[in-house]
There are 2 protein chains.
Amino acid sequence: MTTGILGGGQLARMIALAGLPLAQKFIILDPSADAGAIPLGSHLQGDYDDMTLLQQLADKADVVTYEFENVPALAASYLAEHTCIYPPAKALEASQDRLVEKNFFHNLGIATAPFAHVDKLEDLQQAMHHIGYPAILKSRRFGYDGKGQFRILDESQLAEAWEAMQGVPSIVEGFVSFQREISIIAARSVSGETAFYPLSENIHRGGILRVTHCCHDDPMQQQAEAYANKLFEALDYVGVVALELFEVNGELLANEFAPRVHNSGHWTIEGAETSQFENHMRAILDLPLGATTACGFSAMVNFIGASAPDDDILSIENCHLHLYDKAPRKGRKVAHATIRSDDKALFEQSLTKLIALADQYDDS
Amino acid sequence: MTTGILGGGQLARMIALAGLPLAQKFIILDPSADAGAIPLGSHLQGDYDDMTLLQQLADKADVVTYEFENVPALAASYLAEHTCIYPPAKALEASQDRLVEKNFFHNLGIATAPFAHVDKLEDLQQAMHHIGYPAILKSRRFGYDGKGQFRILDESQLAEAWEAMQGVPSIVEGFVSFQREISIIAARSVSGETAFYPLSENIHRGGILRVTHCCHDDPMQQQAEAYANKLFEALDYVGVVALELFEVNGELLANEFAPRVHNSGHWTIEGAETSQFENHMRAILDLPLGATTACGFSAMVNFIGASAPDDDILSIENCHLHLYDKAPRKGRKVAHATIRSDDKALFEQSLTKLIALADQYDDS
């Protein structure tokens with residue numbers, strides 16, 4: 001069997017590493033000649049809306065998946081017609097546009113921060129009457145890692161904020177004073193089998209994920225699973241999903257979801273019985289899903305901009321390194337490492353060292 | 001960095017899967033066009049003693065390793081001269097010939113069953129006076145999975161046994177009435193750092209490994225580590241080694257060693273903090289070795305001749321499947337699966353199911 005992947009970065013790379021032991025071959029569509037997943041499959045080099053390449057992909061792949069949610073609608077519908085694409089195109093539509101996404105959550109009864117559409121300055125001024133300060137103005141599309149966002153502290157900033165959006169359709173959201181940022185990684189197979197990982201607790205800085213802890217017996221687990229289940233049912237979902245949530249006084253507010261494997265699930269490679277990458281493959285191949293139970297204590301740390309020397313990282317006890325084969329560049333995720341142990345003291349000691357090392361080489 | 005591998009079967013495949021997250025690229029020399037590791041690297045197709053290909057390999061690879069011990073001496077010495085080859089050529093010399101190997105053990109004070117060289121029928125007849133029945137006559141070279149062996153029950157079989165060897169230089173060994181077959185997987189890095197895995201307890205049938213259990217706190221651990229250490233020092237060893245041992249009344253007798261990653265260490269992918277494959281890569285790249293501690297209970301089961309349907313294997317709880325992408329063929333190892341769990345009852349229940357499934361599809 002051959003699996004096609006749109007995008008050849010680190011997520012595709014880790015999907016392929018998990019899929020090869022299941023005897024999958026990979027074919028990767030990516031404009032870059034040296035994307036990290038290329039050594040693991042055959043490469044179609046070009047744009048995601050190149051119809052000739054999409055046709056080749058559909059011809060060769062039994063199933064196609066993707067590592068980013070900004071797949072052009074045309075590509076998704078072409079692939080849906082000529083092969084299988086998972087997660088389904090509906091999931092792309094619901095996640096590509098922040099306003100559509102928030103309305104989608106709302107219609108499913110999934111709580112969110114207050115929000116409103118902003119197509120002109122007047123929309124923003126009017127919305128702020130009920131949303132309240134502080135708030136965040138975001139472009140509706142193509143935002144990631146905090147890009148395309150403006151934080152509004154008071155009324156005096158409204159014009160400046162709207163100007164910063166350069167006229168693109170936007171959404172304003174009330175700023176949530178949360179206790180924790182968490183996410184749930186979950187999987188649903190073609191047959192409808194579901195599996196939910198223990199919650200991920202995430203620490204962001206500068207809009208970029210830095211550290212994720214695997215949570216044990218979290219009081220919010222059940223509510224998060226209920227939300228994920230609503231997504232699964234509404235979208236007739238297949239594959240792994242990541243739902244990002246804020247915890248506010250014992251309630252969960254949905255921030256956004258990604259219809260794909262997710263950075264906040266990287267700890268599952270060592271820290272869960274079956275990784276998110278393997279379960280994504282199992283899900284789209286309609287194989288039984290693997291156990292999602294945590295294996296001891298684990299946490300993941302991103303290396304942003306530059307990695308530390310391999311020697312330094314690997315001399316930390318119980319540290320597992322995942323280099324993405326990407327050239328160092330300011331703000332770019334180039335590697336992650338995970339600490340896993342059954343011994344809590346060892347785990348905490350190693351994690352402290354790893355975080356310090358990542359901070360030392362941070363270039364974000 | 002680029003790592004070259006001689007041989008492109010499942011061992012090379014699993015080495016590459018472990019080396020890719022360490023940002024290694026792979027170049028694989030193998031005569032077969034569709035060997036299992038080929039999708040993970042660039043391929044030099046041809047024989048292991050093809051000097052043109054060996055030259056290309058030496059030019060492109062920073063370090064070369066191998067997945068089988070029958071590397072031609074010429075290839076090993078050429079690669080040692082023009083790049084790095086690990087484990088070192090000395091380890092190949094000591095392990096390619098059963099007589100040399102047994103003398104090597106003997107000189108290191110590593111106990112073995114009684115043995116003698118056999119170059120003609122008279123040698124065999126004479127040796128049997130002190131070796132005793134039953135005994136096993138083996139070709140000195142190129143034996144694996146029980147091939148090229150003749151079990152001698154009494155004096156009447158001597159001529160028949162020698163005839164079966166077709167005149168090749170041989171070794172006769174006293175049959176050991178052992179309680180257990182075990183192996184130790186250990187690693188030594190370029191810098192001389194060493195690491196030892198918990199013992200593997202192995203079950204063979206028809207000369208082929210079927211099941212390996214990871215042992216916990218085994219009383220033989222210390223003796224096995226001492227033996228492995230002697231090998232490391234004598235050979236100035238670099239990489240992973242597998243030493244196969246018989247336990248006889250609380251003593252360990254060495255059977256043979258393999259200067260490579262080994263089937264009896266496959267459980268380490270899920271069952272140890274760091275897999276034998278990753279530690280092999282760390283060792284030859286002179287990176288700090290990873291922890292070798294066991295993660296819960298684990299055991300590996302080989303699929304011989306044919307695999308079971310993926311669905312059946314993966315529906316077993318906590319089962320991890322590794323397909324080798326090899327066509328089914330009588331007696332061929334085509335896949336393995338590992339059960340791992342912190343819960344002993346679940347572990348045993350799943351392992352029983354997995355063994356039954358492997359037996360059902362066995363074609364050995």
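Being a predicted model, the structure only gives us computed values, none of them experimental. (Residues numbered from 1 in each chain as written. Chains lettered and ligands numbered in written order. Predicted model: local features only at pLDDT ≥ 70, side-chain atom pairs only at ≥ 80, totals over all residues. Heavy atoms only, no water.)

## Here's the deal with the side chain of His 262 of chain A
Residue and element names in this part refer to chain A.
Consideration 1: Assignment of secondary structure puts His 262 in the loop between strand 14 (251-258) and helix 9 (268-271).
Consideration 2: Relative accessible area serves as the criterion here: at 8%, His 262 is assigned to the buried category.
Consideration 3: Discounting residues that sit within four places of it in the chain, His 262 has contacts with Ile 185, Ala 242, Glu 244 and Gln 276. (Helix = DSSP H or I, 4+ residues; strand = E, 2+ residues; numbered from the N terminus. Buried < 20%, exposed > 50% of the residue type's maximum accessible area, 1.4 Å probe, protein only. Contact = heavy atoms within 4.5 Å.)

## Observations regarding the relation of the copies chain B and chain A
Consideration 1: Of the transformation superimposing chain B on chain A, the axial component is 0.0 Å and the angular component is 180°, with the fit at an RMSD of 0.0 Å. Expressed as an axis order, the relation between the two copies is that of a two-fold axis. The position closest to the rotation axis in chain B is occupied by the C-alpha of Leu 40 of chain B, lying 2.6 Å away.
Consideration 2: Both copies share a contact surface, since 100% of the interface residues of chain B are interface residues in chain A too. (Least-squares fit on C-alpha atoms with pLDDT ≥ 70 in both.)

## Re the sheet that holds strand 7 (residues 149-152) of chain B
Residue and element names in this part refer to chain B.
Consideration 1: The strand order across the open sheet built from 4 strands is 5-8-6-7, with neighbouring strands paired in antiparallel fashion. Every other strand in the sheet has two partners, leaving strand 5 (115-118) and strand 7 as the edge strands with one partner each. The sheet shows a mean angle of 20° between the axes of neighbouring strands, direction not considered.
Consideration 2: Each of strand 5, strand 6 (135-139), strand 7 and strand 8 (170-174) is contacted by helix 6 (residues 121-131), which is oriented at about 175° to strand 5, the strand it contacts most. (Pairing = 2+ DSSP bridges. Axes fitted to C-alpha atoms, helices over the stretch in contact; angles between N-to-C directions.)

## Remarks on empty space enclosed by the protein
Consideration 1: For the coordinates displayed, the defined rule picks out 3 cavities of 30 Å³ or more.
Consideration 2: Its boundaries defined by the atoms lining it, the largest cavity holds a volume of some 950 Å³.
Consideration 3: Around the largest cavity, the lining comprises 36 residues; the ones closest to its centre are Ile 269 and Glu 270 of chain A together with Ile 269, Glu 270 and His 322 of chain B.
Consideration 4: Mapped onto the lining of the largest cavity, the elements with two or more residues apiece are helix 1 (10-19), helix 9, helix 10 (276-284) and strand 16 (319-323) of chain A together with helix 1 (10-19), helix 9 (268-271), helix 10 (276-284) and strand 16 (319-323) of chain B.
Consideration 5: Residue composition of the lining of the largest cavity, by class: 20 nonpolar, 8 polar and 8 charged. (1 Å grid on protein atoms, 1.4 Å probe; cavity = no way out; pocket = protein on both sides within 12 Å on 5 of 7 lines; lining within 4 Å. Points joined across faces, edges and corners; volume = space filled by probe spheres on them. Nonpolar A, V, L, I, M, F, W, Y, C, P; charged D, E, K, R; others polar.)

## Topic: the pairing of strand 12 (residues 208-214) of chain A
Residue and element names in this part refer to chain A.
Consideration 1: With respect to burial, strand 12 is a largely interior element, 6 of its 7 residues being buried.
Consideration 2: One ladder, built from 6 bridges, connects strand 11 (residues 200-205) with strand 12; its direction is antiparallel. Within strand 12, the residue paired with His 204 across the bridge is Leu 209.
Consideration 3: Between strand 11 and strand 12, which follow one another and run antiparallel, lie 2 residues, and Gly 206 among them has a positive phi close to 60°.

## Examining the nonpolar core
Consideration 1: One finds Phe 303, Ile 313 and Leu 354 of chain A together with Phe 303, Ile 313 and Leu 354 of chain B to be the most contacted residues of the largest nonpolar core, which totals 122 residues.
Consideration 2: Those residues in contact with Phe 303 of chain B that sit more than four places away from it in its chain are Ala 308, Ile 313, Arg 332, Lys 333, Val 334, Ala 335, His 336, Ala 337, Leu 354, Leu 357 and Ala 358 of chain B.
Consideration 3: If you look at the next biggest cluster of nonpolar residues, it comprises 44 residues, including Leu 6, Leu 29, Leu 44 and Leu 53 of chain A. (Core = buried A, V, L, I, M, F, W, Y, C linked by side-chain atoms within 4.5 Å.)

## Side note on the confidence of the model for chain A
Consideration 1: Per-residue confidence for chain A gives a mean pLDDT of 96; residues scoring 70 or more make up 99%.
Consideration 2: For this predicted complex, the interface score ipTM comes out at 0.94, alongside a pTM of 0.96. (pLDDT = per-residue confidence, 0-100.)

## Points about the interface of chain B and chain A
By a widely used convention, the size of an interface equals the accessible area lost when the partners come together.
Consideration 1: With 31 residues of chain B at the interface, the matching set in chain A holds 31 residues.
Consideration 2: Both faces considered, chain B and chain A share a buried interface measuring about 2,800 Å² in area, 52% of it formed by carbon and sulfur atoms.
Consideration 3: Broken down residue by residue, the surface that chain B buries against chain A is led by Pro 21, Glu 273 and Leu 314 of chain B, which jointly contribute 20%.
Consideration 4: The interface formed by chain B and chain A contains 4 salt bridges.
Consideration 5: In this structure, Lys 25 of chain A and Asp 325 of chain B form a salt bridge, with 3.0 Å as the shortest nitrogen-oxygen distance. (Buried area = accessible area lost by both parts, 1.4 Å probe. Salt bridge = Lys/Arg side-chain N within 4 Å of Asp/Glu carboxyl O.)

## Comments concerning the pattern of salt bridges
All names here are of chain A.
Consideration 1: In this structure the tally under the stated criterion is 36 salt bridges over all chains.
Consideration 2: In this structure, Asp 359 engages Arg 205 in a salt bridge whose closest nitrogen and oxygen atoms are separated by 3.4 Å. On the criterion of sequence distance, the pair formed by Asp 359 in helix 12 (residues 344-361) and Arg 205 in strand 11 is long-range, its members being 154 residues apart.
Consideration 3: The class for Asp 359 is partly exposed, based on a relative accessible area of 39%.
Consideration 4: The class of Arg 205 is partly exposed, set by a relative accessible area of 40%.
Consideration 5: With a shortest N-O distance of 3.1 Å, Arg 340 and Asp 342 are connected by a salt bridge.
Consideration 6: Of the residues examined, Arg 340 reaches a relative accessible area of 4% and is grouped as buried.

## Here's the deal with the packing of helix 1 of chain B against helix 10 of chain B
Residues and elements named next belong to chain B.
Consideration 1: Closest axis-to-axis distance for the helix 1/helix 10 pair is 8 Å, and the angle between their directions is 70°. Looking at the two axes, helix 1 sits roughly perpendicular to helix 10. Contacts between helix 1 and helix 10 involve Leu 11, Met 14, Ile 15, Ala 18 and Gly 19 from the first element and Phe 277, Glu 278, His 280 and Met 281 from the second.
Consideration 2: Classifying every residue of the contact of helix 1 with helix 10 by side-chain character gives 6 nonpolar, 2 polar and 1 charged. (Parallel < 35°, antiparallel > 145°, perpendicular 65-115°, else oblique.)

## Brief notes about the packing of helix 2 (residues 51-60) of chain B against helix 3 (residues 73-82) of chain B
All names here are of chain B.
Consideration 1: Look at helix 2 against helix 3: their axes get within 10 Å of each other, and the N-to-C directions meet at 30°. For the pair helix 2 and helix 3, the sense of crossing is right-handed. For the pair helix 2 and helix 3, contact is made by Met 51, Leu 54, Gln 55, Leu 57 and Ala 58 and by Leu 74, Ala 75, Tyr 78, Leu 79 and His 82, respectively.
Consideration 2: Looking at the contact of helix 2 with helix 3 residue by residue, the class counts come to 8 nonpolar, 2 polar and no charged. (Left-handed = near helix turned anticlockwise from the far one by under 90°.)

## Re the packing of aromatic side chains
All names here are of chain A.
Consideration 1: This model, assessed by the stated rule, comprises 18 aromatic pairs over all chains.
Consideration 2: Relative to Phe 68, the ring of Tyr 48 has its centre 4.8 Å away and its plane inclined at 50°; by these criteria the two rings are tilted. One end of the pair, Tyr 48, is in the loop between strand 3 (42-45) and helix 2 (51-60); the other, Phe 68, is in the loop between strand 4 (63-66) and helix 3 (73-82), with 20 residues separating them in the sequence.
Consideration 3: Pairing Phe 105 with Phe 257 gives two aromatic rings, centres 6.0 Å apart and planes at 65°, and the pair type is edge-to-face. Pair noted here: Phe 105 is in helix 5 (residues 98-107) and Phe 257 is in strand 14, with a separation of 152 residues, a long-range link.
Consideration 4: Through a chain of ring-to-ring contacts, three or more aromatic side chains come together here, namely Phe 104, Phe 105 and Phe 257.
Consideration 5: Above the ring of Phe 175, the side-chain terminus of Arg 151 is found at 4.4 Å from the ring centroid. (Phe/Tyr/Trp six-rings, centres within 6.5 Å; stacked < 30°, edge-to-face > 60°. Lys NZ or Arg CZ within 6 Å of the ring centre and 35° of its normal.)

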